[in-house]
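Given next are the chains, with one letter for each unit.
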Amino acid sequence: FPSHDNEAVIRNFSTLAVLADNDSYSPSADSWTGKTDLASPARYAGHGFAVNGYGFVVGGNNAAINKTSDNDRYDISGDSWSAKTDTPTVRITGGVFVLSLIAYIAYGQKTTGTTVRDLDYYTESSDSWTAGTQGPTPARQWVAASGVSTIDAGYTTTGQDDNGNWLKDNEEYTSGTCIVTGK
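Residues numbered from 1 in each chain as written. Predicted model: local features only at pLDDT ≥ 70, side-chain atom pairs only at ≥ 80, totals over all residues. Heavy atoms only, no water.

## Concerning the overall build of the chain
Quick note on the threshold: Here a strand is any run of E in DSSP of at least two residues, a helix any run of H or I of at least four, and the numbering for each starts at the N terminus. Burial status follows relative accessibility: with a 1.4 Å probe on protein chains alone, a residue under 20% of its type maximum counts as buried, one over 50% as exposed, and anything between as partly exposed. Per-residue and other accessible areas were derived by the Shrake-Rupley procedure at a 1.4 Å probe size, with only the shown protein chains allowed to occlude residues.
Within the chain one finds zero helices and 17 strands. The 183 residues of the chain split such that 43% are buried. Element-wise, carbon and sulfur atoms account for 49% of the exposed surface of the chain, whose accessible area totals about 8,700 Å².

Rendered as structure tokens:
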């Protein structure tokens, strides 16, 4: 999540006990402070990102191990949560990156247990999701992703396919489209 006054806000998730805790860490004081807990059901294996000074928690498994499409926004300065437009692809364990105030979620595992190649992107200013071009490589979960703002590119790499194979290819994205593979 984004920082506020040099404090990091951390979402706590555990596969042993699904929690909705929300805590802020202050490096200068080396201490934790409890914040307003997530209002929607607690979940794990979701996607977290920060856009425009807000933190978001999207998707994940709830305590009953049901995947959700919930999209919740945390306002750090107001210490409050609000429900936003749900993601169109219900999934867990995808990769997330942010470019130019737009958050991208790529790949992941669907409710059926199979993996997807979907790319959805979220525009906070209009509270809307758009489907992007599917990734060209095999569907996967446990994806690593990062965005590089100086070159306006996002990358997805690694992951596990439906057959349990660990993959190592690397893809580059810009403006919601996969433009380069084999990086």
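The rest of the description comes next.
## What about the side chain of Glu171?
Heads up, the condition is: For this analysis, a polar contact is any N or O atom pair within 3.5 Å, provided that within protein one partner can donate a hydrogen and the other can accept it, and provided that sequence-adjacent residues contribute only side-chain to side-chain pairs.
Positionally, Glu171 belongs in strand β16 (residues 170-174). A distance of 2.7 Å separates the side chain of Glu171 from the side chain of Tyr107, its partner in a polar contact.

## Notes on the packing of aromatic side chains
Our working rule: Stacked, tilted and edge-to-face pairs are distinguished by plane angle, under 30 degrees for stacked and over 60 for edge-to-face with tilted covering the rest, among Phe, Tyr and Trp rings (Trp via its six-membered ring) whose centres lie within 6.5 Å.
Summed over the entire model, instances satisfying the criterion amount to nine aromatic pairs. Ring centres 5.0 Å apart and planes at 15° place the aromatic pair Phe49 and Phe56 in the stacked group. Ring geometry for Phe49 versus Tyr122: centroids 6.4 Å apart, planes at 50°, classification tilted. Of this pair, Phe49 sits in strand β6 (residues 47-51) while Tyr122 sits in strand β12 (residues 119-123), placing them 73 residues apart in sequence.

## Considering the environment of Arg140
Stated precisely, the cut-off is as follows: Whether two residues touch is decided by their heavy atoms; if any such pair falls within 4.5 Å, the residues are in contact.
Relative to the helices and strands, Arg140 is located in the loop between β13 (128-131) and β14 (144-148). Every residue in contact with Arg140, bar those within four places of it in the chain, is listed here: Tyr107, Gly108, Thr115, Val116, Thr158, Gly159, Gln160, Asp161, Leu167 and Asp169. Polar contacts involving the side chain of Arg140 include one to the side chain of Asp169, which spans 2.7 Å.

## Focus: the pairing of β6
For clarity, the threshold we go by: For two strands to pair, DSSP has to find at least two bridges joining them.
Because side chains alternate across β6, one face comprises the buried residues His47, Phe49 and Val51, and the other comprises Gly48 and Ala50, none of which is buried. Relative to strand β7 (residues 54-62), β6 is paired through five bridges, and the arrangement is antiparallel. Bridge pairing in β7 places His47 opposite Val58. The hairpin turn running from β6 into β7, its antiparallel successor, is two residues long, and Asn52 in that turn takes a positive phi close to 55°.

## Some remarks on the sheet that holds strand β10 (residues 95-99)
For clarity, the threshold we go by: Every angle, taken between N-to-C directions, lies between 0 and 180 degrees, and every axis is a line fitted to C-alpha atoms, over only the stretch in contact when it is a helix.
In space, the four strands of this open sheet follow the order β10-β11-β12-β13, with antiparallel pairing throughout. Edge strands, defined here as strands with exactly one partner in the open sheet, are β10 and β13. In this sheet, neighbouring strand axes are inclined to one another by 25° on average, regardless of whether the strands run parallel or antiparallel. In this structure, β10 lies alongside strand β11 (residues 102-106), joined through five bridges in antiparallel fashion. Directly across from Val96, in β11, lies its bridge partner Ile105.

## Observations concerning the environment of Gly113
By the secondary structure assignment, Gly113 is in the loop between β11 and β12. When the C-alpha atoms of Gly113 and Arg91 are compared, they prove to be 9.2 Å apart, with 22 residues separating the residues in sequence.

## Quick look at the pattern of salt bridges
As a reminder, the rule being used: We define a salt bridge as a contact between a side-chain nitrogen of Lys or Arg and a carboxyl oxygen of Asp or Glu at a distance within 4 Å.
Counted according to the given criterion, the structure contains five salt bridges. Among the ionic pairs, Arg73 bridges to Glu124, the shortest N-O distance being 2.8 Å. On the criterion of sequence distance, the pair formed by Arg73 in strand β8 (residues 67-75) and Glu124 in the loop between β12 and β13 is long-range, its members being 51 residues apart. Residue class for Glu124 comes out buried when judged on its relative accessible area of 10%. Put simply, Arg43, Asp70 and Asp72 are held in one network by salt bridges that share partners.

Just distances and angles here, no functional claims.
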